[in-house]
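# Understanding the architecture of this molecule
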Amino acid sequence: MRLLPLAPGRPRWGSPRHLPSCSPTLLLLVLGGCLGVSGVAAGTRRPNVVLLLTDDQDEVLGGMTPLKKTRALIGEMGMTFSSAYVPSALCCPSRASILTGKYPHNHHVVNNTLEGNCSSKSWQKIQEPNTFPAILRSMCGYQTFFAGKYLNEYGAPDAGGLEHVPLGWSYWYALEKNSKYYNYTLSINGKARKHGENYSVDYLTDVLANVSLDFLNYKSNFEPFFMMIATPAPHSPWTAAPQYQKAFQSVFAPRNKNFNIHGMNKHWLIRQAKTPMTNSSIQFLDNAFRKRWQTLLSVDDLVEKLIKRLEFTGELNNTYIFYTSDNGYHTGQFSLPIDKRQLYEFDIKVPLLVRGPGIKPNQTSKMLVANIDLGPTILDIAGYDLNKTQMDGMSLLPILRGASNLTWRSDVLVEYQGEGRNVTDPTCPSLSPGVSQCFPDCVCEDAYNNTYACVRTMSALWNLQYCEFDDQEVFVEVYNLTADPDQITNIAKNIDPELLGKMNYRLMMLQSCSGPTCRTPGVFDPRYRFDPRLMFSNRGSVRTRRFSKHLL
């Protein structure tokens, strides 16, 4: 299938006329915001960028294990980040953070619903024009290509349907709503195309691979390009390609120290899980774990095909390739069957592998990074002045290029707004109102007051997580991950009260931060200075509530 560019009547890929129809002087003015900033010499082609995004792929429970080719072709050829986090352990808020470079309290996407600002009219009007792909296209002259899952409510009739194509994309090949492998609808430059259940032409991961290769065949050779490929794997329904459906038959979910144990001294939602889990629950989650890995084998094939094509076309040495996930996942930890959303490492920590020009092979970085850093990094690669953005994240380019004596952050913010209606679930009458994501044995993965915010701190001497819940208890969880990497023991009642106070202040400051104030030194940074002015909102009033019930 030959790809067509977004604008009707526009010249086909590969044609010199694909360049914007403006005079050379005007073209230089348009691209002026991206020249001479990242050290690209005059007359040198600016680097290309590929962002590969999986759906619900964990790092803590071995999520990268099945991807042997990806680890070899990206990780071993570049840098692997061992401390990469998401600011919210849920698909839509996390993806919004990738696109905007902002924490959820600044882009206002709080869950996977239209009411939670997921691909809503408000998101489209306020945030989409300022995403990093929009800047790449409008200010840097990049060809921009998207294929796969965008946001969970994309394509909803109340938000423009599949006709809506976000600003900044030259080519748009987006999945309607949430991840599927068969029987789905795609928006191809705003026009719907339905797919069935024939593996050879409909299996979504392979379709994304093929359309990405087509783009590389037919794109313009006169502009740099950015590709974002967002696979459904390993999200449910965990439908593997036929050739991989018998893989990993001897694999089971990891029986680590926090598997199938009671979440003592934790928030009530964790305490309500039934321990020990039933045999049927364990069989279910083991099967889910195995199927998740099976779906990732097709992602591994996609990565291999893409890199081989880039090598064949001579583009590989001038292309940065990022591989990451939108959130982690759990399978039986603290007796919670399967899901994400929780504050623990298995849900908030993700893989991040990067290769590209100037990155030495076989490197591992322990620097604390977050997916809000991806947008600033890619704009920095393109040569855009990051001071012109309102992004909360930091460019990873100095780390990737091996800068010495680098001053870096010591903490990141994690925030989540729980979902649930204030009514009792009729199938689980013994549970309190407001629970959601419940399993048949009435173990629930979410609730309206599963609303929390955390400071995740990593420094030379400290490896801590401090979290507060917005509930009647104002419940606090604190973990020393050096001594307790599985987060079994909540030390909130045993830790120095002065330290608790500092962490509380830092949390309130980060929940009010925007842009540069999100990058101020953390509590354990030698440069840290307590400044009460940072606890004031942008409107100048004291932030008396830590959480917003309605962010739109």
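Calculation criteria
- Residues numbered from 1 in each chain as written.
- Predicted model: local features only at pLDDT ≥ 70, side-chain atom pairs only at ≥ 80, totals over all residues.
- Heavy atoms only, no water.
- UniProt positions renumbered as here; feature names shortened; annotations may be inferred.
- Helix = DSSP H or I, 4+ residues; strand = E, 2+ residues; numbered from the N terminus.
- Buried < 20%, exposed > 50% of the residue type's maximum accessible area, 1.4 Å probe, protein only.
- Contact = heavy atoms within 4.5 Å.
- Phe/Tyr/Trp six-rings, centres within 6.5 Å; stacked < 30°, edge-to-face > 60°.
- Pairing = 2+ DSSP bridges.
- Axes fitted to C-alpha atoms, helices over the stretch in contact; angles between N-to-C directions.
- Parallel < 35°, antiparallel > 145°, perpendicular 65-115°, else oblique.
- Left-handed = near helix turned anticlockwise from the far one by under 90°.
- Nonpolar A, V, L, I, M, F, W, Y, C, P; charged D, E, K, R; others polar.
- Polar contact = N/O pair within 3.5 Å; in protein donor to acceptor, adjacent residues only side chain to side chain.
- Expected span 1.5 Å × (residues − 1).
- 1 Å grid on protein atoms, 1.4 Å probe; cavity = no way out; pocket = protein on both sides within 12 Å on 5 of 7 lines; lining within 4 Å.
- Points joined across faces, edges and corners; volume = space filled by probe spheres on them.
- Core = buried A, V, L, I, M, F, W, Y, C linked by side-chain atoms within 4.5 Å.
- Domains from an automatic or database assignment.

Under an unreviewed UniProt entry, the name given to the chain is N-acetylglucosamine-6-sulfatase, and the organism recorded is Callithrix jacchus. According to its UniProt record, the chain has this under Subcellular location (unreviewed entry): "Lysosome". Taken from UniProt, the Catalytic activity (unreviewed entry) comment for the chain reads in full: "Hydrolysis of the 6-sulfate groups of the N-acetyl-D-glucosamine 6-sulfate units of heparan sulfate and keratan sulfate."

## Here's the deal with the overall build of the chain
Assigned secondary structure in the chain consists of 14 helices and 20 strands. The buried share of the chain, taken over its 552 residues, is 61%. A separation of at least 24 residues holds for 72% of the contacts in the chain among residues at least 6 apart in sequence.

## Quick word on the packing of aromatic side chains
Enumeration according to the criterion identifies 28 aromatic pairs in this entry. Judged by centre distance (5.2 Å) and plane angle (75°), the ring pair of phenylalanine 132 and phenylalanine 226 falls under edge-to-face. Note that phenylalanine 132 is positioned in helix 6 (residues 132-140) and phenylalanine 226 in strand 8 (residues 225-230), a separation of 94 residues in sequence. Each member of the pair phenylalanine 132 and phenylalanine 226 is classed as buried. For the pair tyrosine 182 and tyrosine 203, a centre-to-centre distance of 5.5 Å together with 55° between the ring planes defines the contact as tilted. On the criterion of sequence distance, the pair formed by tyrosine 182 in the loop between strand 5 (171-175) and strand 6 (185-188) and tyrosine 203 in the loop between helix 7 (199-202) and helix 8 (204-218) is long-range, its members being 21 residues apart. Accessibility assignment for this pair places tyrosine 182 and tyrosine 203 in one class, buried. Three or more aromatic residues joined by ring pairs form one cluster here, namely Phe132, Phe146, Tyr150, Tyr154, Trp169, Trp172 and Phe226.

## Thoughts on the pairing of strand 5
Among the five residues that make up strand 5, five are buried, leaving the element largely enclosed by the rest of the structure. Bridge count between strand 5 and strand 6: three bridges; the pairing is antiparallel. Residue pairing for strand 6: tyrosine 173 is matched across the bridge by isoleucine 188.

## Section: the packing of helix 6 against helix 12 (residues 374-382)
Two elements in contact, helix 6 and helix 12, have axes whose closest approach is 10 Å; the angle formed by their N-to-C orientations is 15°. For the element pair helix 6 / helix 12, the angle class is roughly parallel. Helix 6 and helix 12 meet at a crossing whose hand is right-handed. Facing Phe132, Ile135, Leu136 and Cys140 of helix 6, the residues of helix 12 in contact are Gly375, Ile378, Leu379 and Ala382. Looking at the contact of helix 6 with helix 12 residue by residue, the class counts come to seven nonpolar, one polar and no charged.

## Details of the environment of aspartate 347
Position of aspartate 347 relative to the elements: it lies in helix 11 (residues 345-348). Of the residues examined, aspartate 347 reaches a relative accessible area of 0% and is grouped as buried. Taking the C-alpha atoms as reference points, aspartate 347 and serine 88, separated by 259 residues in sequence, lie 9.0 Å from one another. Among residues more than four places away in sequence, those in contact with aspartate 347 are Val86, Ala89, Asn327, Gly328, Tyr329, His330, Asp339, Lys340, Arg341 and Gln342. A polar atom in the side chain of aspartate 347 sits 3.0 Å from the side chain of histidine 330.

## Comments concerning helix 10 (residues 279-312)
For the α-helix, the turn length of 3.6 residues means that residues three or four positions removed from each other point alike. With 34 residues, helix 10 ought to run about 50 Å at 1.5 Å a step, and its terminal C-alpha atoms sit 50 Å apart, in line with that. Glycine 314 sits one or two residues past helix 10 and shows a positive phi near 80°.

## Describing the UniProt feature "modified residue: 3-oxoalanine (Cys)" (unreviewed entry) in the chain
As recorded in UniProt, the sites labelled "modified residue: 3-oxoalanine (Cys)" (unreviewed entry) are Cys91. By the secondary structure assignment, cysteine 91 is in helix 3 (residues 91-100). With near-sequence residues (within four places) excluded, cysteine 91 lies in contact with Asp55, Asp56, Asn112, Lys149, Asn152, His235, Asp326, Asn327 and Lys340.

## Topic: the sheet that holds strand 4 (residues 143-149)
Spatial strand order, 7-6-5-4-8-1-9-12-2-13: ten strands in an open sheet with mixed pairing. What marks the edges here is a single partner per strand, and that holds for strand 7 (191-194) and strand 13 (363-365). On average, adjacent strands in this sheet sit at an angle of 15° to one another, irrespective of strand direction.

## Topic: empty space enclosed by the protein
Going through the model one piece at a time under the given rule, you end up with three cavities of 30 Å³ or more. Its boundaries defined by the atoms lining it, the largest cavity holds a volume of some 50 Å³. For the largest cavity, the full set of lining residues is Ala84, Tyr85, Thr324, Val350, Pro351, Leu352, Val369, Ala370, Asn371 and Leu374. Tallied by class, residues from the lining of the largest cavity come to eight nonpolar, two polar and no charged.

## What to know about the side chain of histidine 105
Looking at the element boundaries, histidine 105 is found in helix 4 (residues 104-107). Looking at histidine 105, its side chain comes within polar contact range of the side chain of glutamate 415, at 2.8 Å. Discounting chain neighbours no more than four positions away, the residues touching histidine 105 are Leu413, Glu415, Leu510, Gln511, Ser512 and Cys513.

## Quick look at the packing of helix 8 against helix 10
Packed helices, taken two at a time, are described by their axes: the angle between them and the distance between them. Between helix 8 and helix 10, the shortest axis-to-axis distance is 9 Å and the interhelical angle comes to 10°. When the interaxial angle is binned, helix 8 and helix 10 end up roughly parallel. In contact with Thr205, Asp206, Leu208, Ala209, Ser212, Leu213, Leu216 and Asn217 of helix 8, helix 10 contributes Ser298, Val299, Leu302, Lys305, Leu306, Arg309 and Leu310. Broken down by class, the residue content of the contact of helix 8 with helix 10 amounts to eight nonpolar, four polar and three charged.

## Some details on the sheet that holds strand 19 (residues 463-469)
The strand order across the open sheet built from four strands is 15-18-19-20, with neighbouring strands paired in antiparallel fashion. A strand with exactly one partner marks an edge of an open sheet, and here the two such strands are strand 15 (411-416) and strand 20 (476-480). Averaged over all pairs of adjacent strands, the angle between strand axes in this sheet comes to 15°, irrespective of strand direction. Against the sheet, helix 14 (residues 497-511) contacts strand 15, strand 18 (452-458), strand 19 and strand 20, and its axis sits at roughly 110° relative to strand 18.

## As for the nonpolar core
Counting 96 residues, the largest nonpolar core has Phe81, Phe132, Leu136, Phe226 and Phe322 as its most contacted members. Counting only domains with at least three residues in this core, you end up with domain 1 (48-406) and domain 2 (435-534). Among all residues touching leucine 136, those that are not within four sequence positions of it are Gly141, Tyr142, Thr144, Phe226, Ile378, Leu379 and Ala382. Of all hydrophobic cores here, the second largest spans 42 residues; its members include Leu204, Val207, Phe215 and Ile229.

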